[in-house]
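Chain by chain, the residues run as shown.
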Amino acid sequence: MMTLRTSPEVGGMGHAVKRKEDPRFIRGQGRYVDDIELPGMLYLDIVRSPYAHATIKNIDAAKALAIPGVLDVITGATLAKYNLHWMPTLMSDMQMVLPVEKVMYQAQEVAAVLATDRYSAADGVAAVEVTYEPLPVVVDPFKALEPGAPVLRTDKPGKTDNRIFHWEVGDKAATDRAFRDAAVTVKQDLYIPRIHVSSIETCGCVAQFDRVFGQLTVWMTTQAPHAIRTVFALVAGHVGLAEHKIRIISPDIGGGFGGKVPVYPGYVIAVAASVLTGKPVKWIEDRMENLQADSFARDYHITAELAAQRDGTLTALRIKTLADHGYTDAAANPSKFPAGLFHICTGSYDFRAAHVEVDGVYTNKPPGGIAYRCSFRVTEAVHTIERMVDIMAHELQMDPAEFRKKNFIAPEHFPYTSALGWEYDSGNYGAALELAMHKIGYAELRREQAEKRQRGELMGIGISSFTEIVGAGPSKHFDILGIKMFDSCEIRIHPTGKVIARFGTKSQGQGHETTYAQILAEELGIPVADIQVEEGDTDTAPYGLGTYASRSTPTAGAAAAIASRKIRDKARKIAAHLLEASEEDLEWEPGKFFVKGSPERSKTIQEITFAAYTNHPQGMEAGLEAVSYYDPPNLTFPFGSYICVVDIDTGTGEVKIRRFVAVDDCGNIINPMIVEGQIHGGLTMGLAPALFEEISYDEQGNIRQGSFMDYLLPTAMETPNWETDKTCTPSPHHPLGAKGIGESATVGAPAAIANAVVDALWHLGVRHIDIPITPEKVWQCLRASGVTDR
Ligand code: CDP
């Protein structure tokens, strides 16, 4: 563990500083987009398609326009006049803002009603009459690729099928050879279903176009304000919206989890409506729109194979995947990687050969591919490898913990280059697993399991020893729509020693106002209480790519350290001037410089700051400011070992999580309380898809889980007591030795739970159950194996 270098009053790294943002949040005084009220503001509501695929024959707005308060009905034809009816997705595909010809998924935006108040807008939506002619619907991605399947993207000239991309990585020949030579192989189909982020706050915006200054201001629920501003400028430059005339403000956000990275049509329509009317326009989704129409995560159909020697040494991994992206490829992936970072799927294991293929497919569903609390498909990768490793261990009749230990990348092999090309920065997987096993009492649990099995009781123990990959850049490999992935911090210290620090990222609840201040406190010795952190306003914050995929600490956190160090370098010069000493004779301890051997001859950072404006050396520029645009040399690779114990009701198939131990390693920790909070929330978000959450569609493309009545979120009742612990393996390349942590638990937890359930049922012949593992699926297994006849 790291040693603390600052006092609790200063509150640098490692202190459990209470969150600076919480007083306003817990008092209900946060300022969210829907809190913004402007004089003369108009309201927008959206007409949505009941059909998953249909031609629009007519839109009759007459009855809607007759409703008092309804001002206008905006259609695709309105936007087409300005060539704004289509826009690019973050993966350089195209998506409709409003359709002119046909709709491609149920709940797609068809028209927008502009009114003087929210209620008239909703009445207007109900009164718009749209005539549709249904078209054949393609829901199943396998059928979508069959010859003769209806081609969905007729807007793409020359497109003759529904394939979006074929992508592969790894050494196919070496992998095939390893499989031919293997003593044991296992193969499994896994489906990781569509899920939805369900953040507490839905999406929305207030767009205000000022005709006098030609300035557009948009308060919006976005995780990436700068990138969005650039996209707006690229899309609407031709109608006069240049980037310096656009200001995006991302105020407090009630959860993003990747769902607030894309640009949704509602944002663009609200902007268009404000430009057309010269009035501010508010659009806020309701809960059902958010659930049914916003971008989804996962939806990967995977066939995975492992090869091993008889002694349990893993040799090769082979994966083929069909990725259902819905009607457009709107995944928020780095451009170079159409399947995101899925090729981290060799996980924590030392494979000599691996090969992965992914095919992206269009279907009549809303856009998919967002990184739901996940670094661009790492959850899919981790679930696959951790399920497969467990299957192989059982097949070989080896203990899953021992099997993992045998195949882990050894600590001395870091930095380690994986068979699929990643360079892992640091790791000690055995230590994390050992700690988790010790904490849960693994050996004793295995004895109990054996006894219970004798009595016909079903108990399972599941392990997930995952490796994460977070912190995109480096910019030579990572960009979104051509914008290189780095992040930024700008620090200004005022004469009295108080600080304002601004960042290119954007917290959605992660506590950046506190943890970034702690980094500055660590580096400069200025108390956290004297540091104000700001994010989310493109007019004031330095350019950055935003917050998602646990990238804030690895990128902007590093920028905060580097910018602080630039300030310290200048402070040293000023201190030398004030102390009439040479720079080399000065020593730093957090908060002051002193003369080596004469600690009484010192200057505090506050004294130095004041001097930077009042008594700086001749020839030196005044002030104490710095900026860093940090381009990380590599990603960071946090990891962990989770162990879950389940008991299964033999009558109903209900899975009860008895214990869940999570050992995480994110290198050096800035705020242990915040990290624990991230892990608790993440574990609950991992429990959700493991046992409850799934979005599915019937053959006509109707969503089956269109409200929280059917889309099951775990509540406190279903959530077990999370037991957490940590190991600390610093990142060698991060200036603070820190790795990201925001999503580790969401990524690692589902496999531990699924592995525990299958471990309980393996002796009954059960090899795999797809998540969510509902009581019904388990009950079907119990019935098939004769455990229950009820
Ligand atoms: O990008 P995002 O903020 O979602 O993820 P993150 O960088 O993993 O950080 C999540 C929260 O945990 C932030 O407040 C971080 O500063 C904090 N954290 C920490 O205190 N120590 C770490 N080693 C990693 C993150």
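Given the structure is predicted, the values throughout are model-derived calculations rather than measurements. (Residues numbered from 1 in each chain as written. Predicted model: local features only at pLDDT ≥ 70, side-chain atom pairs only at ≥ 80, totals over all residues. Heavy atoms only, no water.)

Caption draft 1: Looking closely at the site of the ligand. Around the ligand lies a shell of 23 residues, among which Gln-510, His-512, Ser-552, Thr-553 and Ile-741 are the nearest. Within the backbone of Arg-551, a nitrogen or oxygen atom sits 3.2 Å from an oxygen atom of the ligand. Between the ligand and Gly-742 there is a distance of 2.8 Å, counted from an oxygen atom to a backbone nitrogen or oxygen. Look at the ligand: alone it shows 520 Å² of surface, and the protein chains cover 98% of it. Elements supplying a minimum of two residues to the shell around the ligand: α14 (512–524), α15 (552–579) and α17 (672–691). Of the residues assigned to the shell around the ligand, the class counts are 8 nonpolar, 13 polar and 2 charged. Residue contributions to the shell around the ligand reach at least three from each of two domains, namely domain 1 (22–30 + 487–630) and domain 3 (296–416 + 429–472 + 634–784). (Near = heavy atom within 4 Å. Polar contact = N/O pair within 3.5 Å; in protein donor to acceptor, adjacent residues only side chain to side chain. Areas by Shrake-Rupley, 256 points an atom, 1.4 Å probe, with all protein chains shown as cover. Helix = DSSP H or I, 4+ residues; strand = E, 2+ residues; numbered from the N terminus. Nonpolar A, V, L, I, M, F, W, Y, C, P; charged D, E, K, R; others polar. Domains from an automatic or database assignment.)

Caption draft 2: Representation of unusual backbone geometry in the model. The peptide bond linking Phe-414 to Pro-415 adopts the cis configuration, its omega dihedral lying at -5°. In this structure, Pro-415 sits in the loop between α11 (400–407) and β18 (416–417). Positioned with a positive phi, Leu-481 is a non-glycine residue whose angle comes to about 50°. Of note, Leu-481 is situated in the loop between β21 (479–480) and β22 (483–484). Of the residues examined, Leu-481 reaches a relative accessible area of 25% and is grouped as partly exposed. (Buried < 20%, exposed > 50% of the residue type's maximum accessible area, 1.4 Å probe, protein only.)

Caption draft 3: The pattern of salt bridges, seen in detail. Inspection of every chain in the model, using the stated rule, returns 51 salt bridges. Between Glu-201 and Lys-260 there is a salt bridge, with its nearest N and O atoms 3.0 Å apart. Linking Glu-201 in the loop between β10 (184–192) and β11 (204–210) with Lys-260 in the loop between β13 (246–249) and α8 (265–277), this pair joins segments that are 59 residues apart in sequence. In this structure Lys-260 comes out as buried when scored by relative accessible area, which is 1%. In this structure, the salt-bridge partner of Glu-448 is Lys-452, at a minimum N-O distance of 2.7 Å. Residue Glu-448 and its partner Lys-452 are located together in helix α13 (residues 442–454), separated by 4 residues, close to a single helical turn. Among the residues examined, Lys-452 registers a relative accessible area of 15% and is labelled buried. Linked by salt bridges that have partners in common, Asp-93, Arg-153, Asp-155 and Lys-156 make up one network. (Salt bridge = Lys/Arg side-chain N within 4 Å of Asp/Glu carboxyl O.)

Don't take any of this as a statement about function, it's just geometry.
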